[in-house]
Amino acid sequence: MGVLVDSQEGGGGNGSSWGCVRSLIRRKQVDSVHAKSSGQQLAKALSVPHLIAIGVGSTIGAGVYILVGTVAREHSGPALTISFLIAGIAAALSAFCYAELASRCPSAGSAYHYTYICVGEGVAWLVGWALILEYTIGGAAVARGISPNLALLFGGGNSLPVILARQHIPGLDIVVDPCAAILVFIVTGLLCVGIKESTQAQVIITTANVCAMIFVIIAGGYLGFQTGWVGYELPTGYFPFGVDGMLAGSATVFFAYIGFDSVASTAEEVKNPQRDLPLGIGASLFLCCALYMMVSVVVVGLVPYYAMDPDTPISSAFTDHGMQWAAYIVTIGAITALCSTLLGSILPQPRILMAMARDGLLPPFFSEVNKKTQVPMKGTIVTGIGSAILAFFMDVSQLAGMVSVGTLLAFSMVAISVLILRYVPPDEVPLPSSLQESIDSASLEYGRSGQKINGKRSKVKFGTSTTDSDKPLLFKEDASGEYPLTAKHLFLGNYRLSEENRRKIAGWTIMLTCVGAFLLTYAASNLGLPSYLRFSLCGVGGTCLLSGLIVLTCIDQDDARHSFGHTGGFICPFVPLLPIVCILINVYLLINLGAATWARVSVWLVIGVLIYAFYGRTHSSLRHAVYVPAAQADEIYQSPARSIA
């Protein structure tokens, strides 16, 4: 273990290149009593019902009112319910990972925060930057979808007042949407009032949406029993497109579960995060999956899949059975779903911006918290203005695929972070350079003096020196010695891995597993590759993936995982299998988003890289950090030298 002084000042000379690389992999400490932000804290006002409302409201958008018709017609047929179930199980894998990290690291920032702690600053910046894109475009896209539904509710496309209706501007060849911009400003104002007030509004709107879906289930079920469920009595059977079609439908409806991660972004505002965050994430995802499955059972049973209206499948199903009035209830459900999703899209972004600004990667403007409302008001206003401008001027439907990049990237990094936390948790924590005197005093107490070299990195070790680094990769275990053999050691016979080498093997194995997942999914998805190259890549990727799973299953997890972060919360089961499957699914979906989506996202990511290179890297709160062994961090904070300083 070493005391490392990160000094990125100047960045000149031969050390500049190493300083740039070092800045990408530096990791921050889990927020603790010693490492809280000096600014005003967010209000602790949320409990489990609030979190469920945020999760369900952010997840169930108006898409489900259209998605059931499109997926049933093109992919799943009557097996649509199974497609929703498989997609829900896949989403639950990410939810398990989120639940553990959210309870261990309950701070604003969600996936950005977890990645910064477990992976490093460079990757965390990309995750945060991608999430900013996701929430900005997502909010604008949702807002643009509200005005057509409002017009439909009041009688047609031209029924809205002129001031709210969409207008075409010939000179610019764009269609502006005043209603969308106004709704974004209303939601922004509501979020500025306070987290408790805005969440209570979310509860009301989400309840109305759920009631509309329950109406569809009950009324549709009644009609189904009256008519004999004609949608299931087809000569093509339950799987008209085969199992492949059902799985393709699962990949499509998976995106209907995106939104539960918004719960994690409010971690700092939860009263009891260790208990409430896992319950909120799990309950919201379970409710969404149950509602999706019951709605799909009813709608597919009322109308044969090939006869469904692709645009209004639920309304048309009731209309075909003489219940035209039910279309109004379905439309109200769609409007409330869009409003709750709009609120859920704008809510997380100011907290992401605040977390990044606290870490110095964005200007401190975004980290300011209003003393009265205890929300990041400036970040909320900037977010609202950006989403309103996009919603007013741009048809963002073509950019909707970009929303998925941020979510899937975050899901992947959260799963990787769980593996890192379990097998190679950070064993050194950053302390402010102002504590250098305390660090030197602590090192002297352990018998070795620490020296700080101005402008360069100095590595000072203190504490009892471990002999792990002096041992070979495998050493003979004495059966009568201090360490008894366990089942996980038996695969090596009477040989036992030293702790340092276990961490090295685990770290390289996690990286190899991620590379294997990428190669396997890329080769399986890219049908344009020559067959020999495709099968070779599949073989290499599959071998890396399977080997990584076997190695991580056989070696011990790190004992430090028990005390890492805030203990007593949810523990993700079936590690390493569950996170690895989660990585595989999310990487597969990322690769299949399409070249056009990746071309647009690449522009945004390049802009982010430039901002990080010229601002974030040089303003990071860790640029002068002193890294000390985690076991000695509390002792250094409490040392007499600090009180003297």
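An unreviewed UniProt entry annotates the chain as Cationic amino acid transporter C-terminal domain-containing protein originating from Fagus sylvatica. The annotation that UniProt attaches to the chain under Subcellular location (unreviewed entry) is "Membrane".

1. Quick look at the overall build of the chain
What the chain contains, in helices and strands, is 24 helices and eight strands. Looking at the chain as a whole, 53% of its 645 residues qualify as buried. Across the chain, every contact between residues at least 6 apart in sequence was considered, and the portion connecting residues at least 24 apart equals 83%. A total of about 27400 Å² of accessible surface is found on the chain, and carbon and sulfur atoms cover 65% of it.

2. Some details on the packing of aromatic side chains
Enumeration according to the criterion identifies 24 aromatic pairs in this entry. Residues Phe 254 and Phe 255 carry aromatic rings whose centres are separated by 6.0 Å and whose planes lie at 80° to one another, so their mutual orientation is edge-to-face. For Phe 255, a relative accessible area of 27% translates into the label partly exposed. Pairwise contacts between aromatic rings join Tyr 98, Tyr 114, Phe 254, Phe 255, Phe 260 and Phe 411 into one cluster.

3. Focus on the packing of helix α3 (residues 64-76) against helix α10 (residues 242-253)
Two quantities define a packed helix pair, namely the angle between the helix axes and the distance between the axes. For the pair α3 and α10, the least separation of the axes is 9 Å and the interaxial angle reads 150°. The angle between α3 and α10 places the two elements in the roughly antiparallel class. Between α3 and α10 lies a crossing whose hand is right-handed. Residues Leu 67, Val 71, His 75 and Ser 76 of α3 form the contact with α10, whose own contacting residues are Gly 245, Met 246, Ala 248, Gly 249, Thr 252 and Val 253. Here the residues of the contact of α3 with α10 are counted per class, giving five nonpolar, five polar and no charged.

4. Considering helix α2 (residues 48-59)
Under the 1.5 Å per step criterion, the end-to-end length of α2 is 16 Å for twelve residues, consistent within 8% with the ideal 16 Å. Counting buried residues in α2 gives eleven out of twelve residues, a clear majority hidden from the surface. Residues of α2 that are buried: Val 48, His 50, Leu 51, Ile 52, Ala 53, Ile 54, Gly 55, Val 56, Gly 57, Ser 58 and Thr 59. Residues of α2 that are buried in the fold lie against α9 (195-227), α11 (262-265), α12 (273-302) and α14 (326-346).

5. Thoughts on the pattern of salt bridges
Scanning the entire structure with this criterion turns up 14 salt bridges. Across the pair Asp 427 and Arg 503 runs a salt bridge, and its minimum N-O distance is 3.8 Å. Here Arg 503 lies in helix α19 (residues 499-525) and Asp 427 lies in the loop between α17 (400-423) and β4 (428-431), a separation of 76 residues in the sequence. With its nearest N and O atoms 3.0 Å apart, the salt bridge here joins Arg 502 to Glu 499.

6. Side note on the environment of Gly 194
Its place among the elements puts Gly 194 in the loop between α8 (178-193) and α9. A relative accessible area of 2% means that Gly 194 is categorised as buried. Sequence spacing of Gly 194 and Asn 370 is 176 residues, and the spatial spacing of their C-alpha atoms is 9.6 Å. The residues contacting Gly 194, other than those within four sequence positions of it, are Thr 373 and Val 375.

7. Some details on the packing of helix α4 (residues 80-104) against α12
The contact between α4 and α12 brings their axes to 10 Å, and the two run at 175°. Put simply, α4 runs roughly antiparallel to α12. Facing α4, whose interface residues are Leu 80, Thr 81, Phe 84, Leu 85, Gly 88, Ala 91, Ala 92, Ala 95, Tyr 98, Ala 99, Ala 102 and Ser 103, α12 presents Pro 273, Gln 274, Leu 277, Pro 278, Ile 281, Leu 285, Cys 289, Tyr 292, Met 293, Ser 296, Val 297 and Val 300. Per-class residue counts for the contact of α4 with α12 are 19 nonpolar, five polar and no charged.

8. Observations concerning the nonpolar core
Counting 159 residues, the largest nonpolar core has Tyr 65, Tyr 98, Tyr 292, Ile 314, Phe 318 and Leu 342 as its most contacted members. The element that contributes the greatest number of residues to this core is α17, accounting for 15 residues. Of all hydrophobic cores here, the second largest spans eight residues; its members include Val 429, Ile 439, Ala 633 and Ile 636.

9. Some words on the pairing of β4
Looking down a regular strand, the side chains alternate between one sheet face and the other. Here β4 shows no split at all, with Glu 428 and Pro 430 on one side and Val 429 and Leu 431 on the other all buried. Direction of pairing for β4 relative to strand β8 (residues 626-629): antiparallel, over a ladder of four bridges. The residue bridging Pro 430 from the neighbouring strand is Tyr 627, located in β8.

Conventions we followed
Residues numbered from 1 in each chain as written. Predicted model: local features only at pLDDT ≥ 70, side-chain atom pairs only at ≥ 80, totals over all residues. Heavy atoms only, no water. UniProt positions renumbered as here; feature names shortened; annotations may be inferred. Helix = DSSP H or I, 4+ residues; strand = E, 2+ residues; numbered from the N terminus. Buried < 20%, exposed > 50% of the residue type's maximum accessible area, 1.4 Å probe, protein only. Contact = heavy atoms within 4.5 Å. Areas by Shrake-Rupley, 256 points an atom, 1.4 Å probe, with all protein chains shown as cover. Phe/Tyr/Trp six-rings, centres within 6.5 Å; stacked < 30°, edge-to-face > 60°. Axes fitted to C-alpha atoms, helices over the stretch in contact; angles between N-to-C directions. Parallel < 35°, antiparallel > 145°, perpendicular 65-115°, else oblique. Left-handed = near helix turned anticlockwise from the far one by under 90°. Nonpolar A, V, L, I, M, F, W, Y, C, P; charged D, E, K, R; others polar. Expected span 1.5 Å × (residues − 1). Salt bridge = Lys/Arg side-chain N within 4 Å of Asp/Glu carboxyl O. Core = buried A, V, L, I, M, F, W, Y, C linked by side-chain atoms within 4.5 Å. Pairing = 2+ DSSP bridges.

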